[in-house]
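What follows is each chain in one-letter form.
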Amino acid sequence: MGSRSLPVDASLDSLDAHSERNRADNLNMVSLKFHELNGVLDQGHQASSPVRRDVNRSLSGVKFLEDDDMDLEDGKLEKDRNKTVRSNKVIPIQNQALLAGLAYCLSSCSMILVNKFVLSGYDFNAGISLMLYQNFISVVIVSILSSMGLISREPLTWRLIKVWLPVNVIFVGMLLTSMFSLKYINVAMVTVLKNVTNVITAVGEMYLFKKHHDSRVWTALFLMIVSAVSGGITDLSFHAIGYAWQIINCFLTASYSLTLRRVMDTAKQVTKSGNLNEFSMVLLNNTLSLPLGILLIFVFNEVDYLYTTPLLRRPDFWLVTTLSGFLGLAISFTSMWFLHQTGATTYSLVGSLNKIPLSIAGIVLFKVPTSLENSASIFFGLVAGVFFARAKMREKSQS
């Protein structure tokens, strides 16, 4: 899961603060910029997820909301815009927001399903190598776009690398644990278990940033814990190793989100322009992950497996793994496109709703054995995720 956006599960406050800060920094710049949020995810989400992949790329026709554009989050227009211009702009902007949302949902769902297919369908036992290949694809594509002058990025300096290294170590751990857990756990349960990331992030915000949440948020977090525990108990395909990796992934994803908030301002200060745009973050994260990934391949002895597995001689396997790398990049493109077309609150809510079709697809496509109790636990967890997003939206509006 090469380049990822920050998991949708991550704190909405973190996402709001980060997007608003970047919007202010980039408002008067000519080049289009996007920012990596991740990942995991799956990511996400990323906290993608446990997933990987996070948060970075640009699409033609996408632009920042300028002073004279419509703010889709509060539905307000500049007072000096006449009604004719207003009516002409509403439909195109709404169409772009819908298209961006569909693209984001499709790419994020596809990324997790393709990774699951590579790890479980092909029974590929080299998750570190898969991450390394996906990140390499991201580095190559971003570097090509930069050399062609299509995007702008900050040069990688030793000062920037030293500041960013702790974030990158967590980033790599987040992606790897997501890979490891996804191999053993079905997609639906991964999405429910990733809700635990929200709980850890909320507690971390209390102690690190003195952030206090209202009763609705804590109620949603409690429901998430209940659904995760009940889902694990009723999981017919329960795998202790997979659950252990997923719990570690939740801690790493939350740590990535919290550490990113602390490091971002310092990282901007050591850049030449005083700003760290989204492409720079993608290139920085994925470039630094390459030497660390190569080291881990030898530490976990994946080299011997790569020499002996017949999968590397199959063109269809290379096609699917390459597709997963492009999808990782697509998540970053579409997530930031969608974020800038709408806003952090809509982005978070759609990300939570997106887990419902993803879970259903995961159960159907991979023929996961399930029971009524487990299905109810999964559905309960997904609803709790939506309730959490809504609670965060209300909390933010009240503050």
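Calculation notes
- The written sequence of each chain sets the order in which its residues are numbered from 1.
- Local features in a predicted model are, by the rule used here, given only for residues with pLDDT of at least 70; side-chain atom pairs are given and counted only at 80 or more, and totals for whole chains, interfaces and linings are based on all residues.
- In computing side-chain values, all of the structure's heavy atoms are included and hydrogens and water are not.
- Axis definition: a line fitted to C-alpha atoms, limited for helices to the stretch in contact. Angles are taken between N-to-C directions and run from 0 to 180 degrees.
- Helix and strand definitions follow DSSP, with helices as H or I runs of at least four residues and strands as E runs of at least two, each counted in order from the N terminus.
- Roughly parallel here means an angle under 35 degrees, roughly antiparallel means over 145, roughly perpendicular means 65 to 115, and every remaining angle is called oblique.
- The sense of a crossing depends on the near helix, which, turned anticlockwise from the far helix by less than a right angle, makes the crossing left-handed and, turned clockwise, makes it right-handed.
- Each residue receives one of three labels: charged for Asp, Glu, Lys and Arg, nonpolar for Ala, Val, Leu, Ile, Met, Phe, Trp, Tyr, Cys and Pro, and polar for the others, Gly being one of them.
- Just to be clear on terms, a salt bridge is a Lys or Arg side-chain nitrogen sitting within 4 Å of an Asp or Glu carboxyl oxygen.
- The classification of residues rests on relative accessible area computed with a 1.4 Å probe and restricted to protein chains. Under 20% of the type maximum is buried, over 50% is exposed, and intermediate values are partly exposed.
- On a range of 0 to 100, pLDDT expresses the predictor's confidence in each residue.
- Contacts were defined at the residue level, with two residues in contact if any of their heavy atoms lie within 4.5 Å.
- Pairs were defined over the aromatic rings of Phe, Tyr and Trp, the Trp ring being its six-membered one, requiring ring centres within 6.5 Å. Orientation was assigned from the angle between planes: stacked under 30 degrees, edge-to-face over 60, tilted for the rest.
- By the criterion adopted, a ring carries a charge over it if an Arg CZ or a Lys NZ lies within 6 Å of its centre and within 35 degrees of its normal.

**Thoughts on the packing of helix α4 (residues 158-184) against helix α8 (residues 240-269)**
Link 1 in the chain: Running from amino to carboxyl end, α4 crosses α8 at an angle of 160°, the nearest separation of the two axes being 8 Å. If you check the angle between α4 and α8, you find them roughly antiparallel. For α4 against α8, the interelement crossing comes out left-handed.
Link 2 in the chain: Along the lines of polarity and charge, the residues of the contact of α4 with α8 split into 18 nonpolar, 11 polar and no charged.

**Overview of unusual backbone geometry**
Link 1 in the chain: Even without being glycine, Asp123 reaches a positive phi, approximately 55°.
Link 2 in the chain: Structurally, the position occupied by Asp123 is in the loop between α2 (83-121) and α3 (127-147).
Link 3 in the chain: A positive phi angle is found at Lys367, which is not glycine, with a value near 50°.
Link 4 in the chain: Within the secondary structure layout, Lys367 lies in the loop between α12 (344-365) and α13 (372-398).

**Quick notes on the pattern of salt bridges**
Link 1 in the chain: Across all of its chains, the model carries 3 salt bridges by this definition.
Link 2 in the chain: Here Glu205 ties to Arg261 by a salt bridge, and the two come within 3.3 Å at their closest N and O atoms. You can see Glu205 sitting in helix α6 (residues 196-209) and its partner Arg261 sitting in helix α8, a full 56 residues away along the chain.
Link 3 in the chain: By relative accessible area, Glu205 is classed as buried at 1%.

**Side note on the confidence of the model for the chain**
Link 1 in the chain: Taken over all residues, the pLDDT of the chain has a mean of 77, while the share at 70 or more is 75%.
Link 2 in the chain: When mean pLDDT is compared element by element in the chain, helix α10 (residues 302-308) scores highest at 94, while helix α1 (residues 12-26) scores lowest at 45.
Link 3 in the chain: For the stretch residues 7-91, pLDDT sits under 50, and the model shows 320 contacts to residues farther than four places along the chain or on other chains.

**Concerning the packing of aromatic side chains**
Two aromatic rings, taken as a pair, are described by how far apart their centres are and by the angle between their planes.
Link 1 in the chain: Applying the stated criterion across every chain yields a total of 11 aromatic pairs.
Link 2 in the chain: Ring geometry for Tyr133 versus Trp318: centroids 5.5 Å apart, planes at 80°, classification edge-to-face. One end of the pair, Tyr133, is in helix α3; the other, Trp318, is in helix α11 (residues 315-341), and 185 residues separate them in sequence.
Link 3 in the chain: Residue classification places Trp318 among the partly exposed residues on the basis of a relative accessible area of 35%.
Link 4 in the chain: Judged by centre distance (5.8 Å) and plane angle (40°), the rings of Phe171 and Tyr256 are tilted. Here Phe171 is found in helix α4, whereas its partner Tyr256 is found in helix α8, with 85 residues between them in sequence.
Link 5 in the chain: Judged by its relative accessible area of 0%, Phe171 is buried.
Link 6 in the chain: You can call Tyr256 buried: its relative accessible area is 1%.
Link 7 in the chain: Cation over ring: Arg261 sits above Phe209, and NZ or CZ is 4.1 Å from the ring centre.

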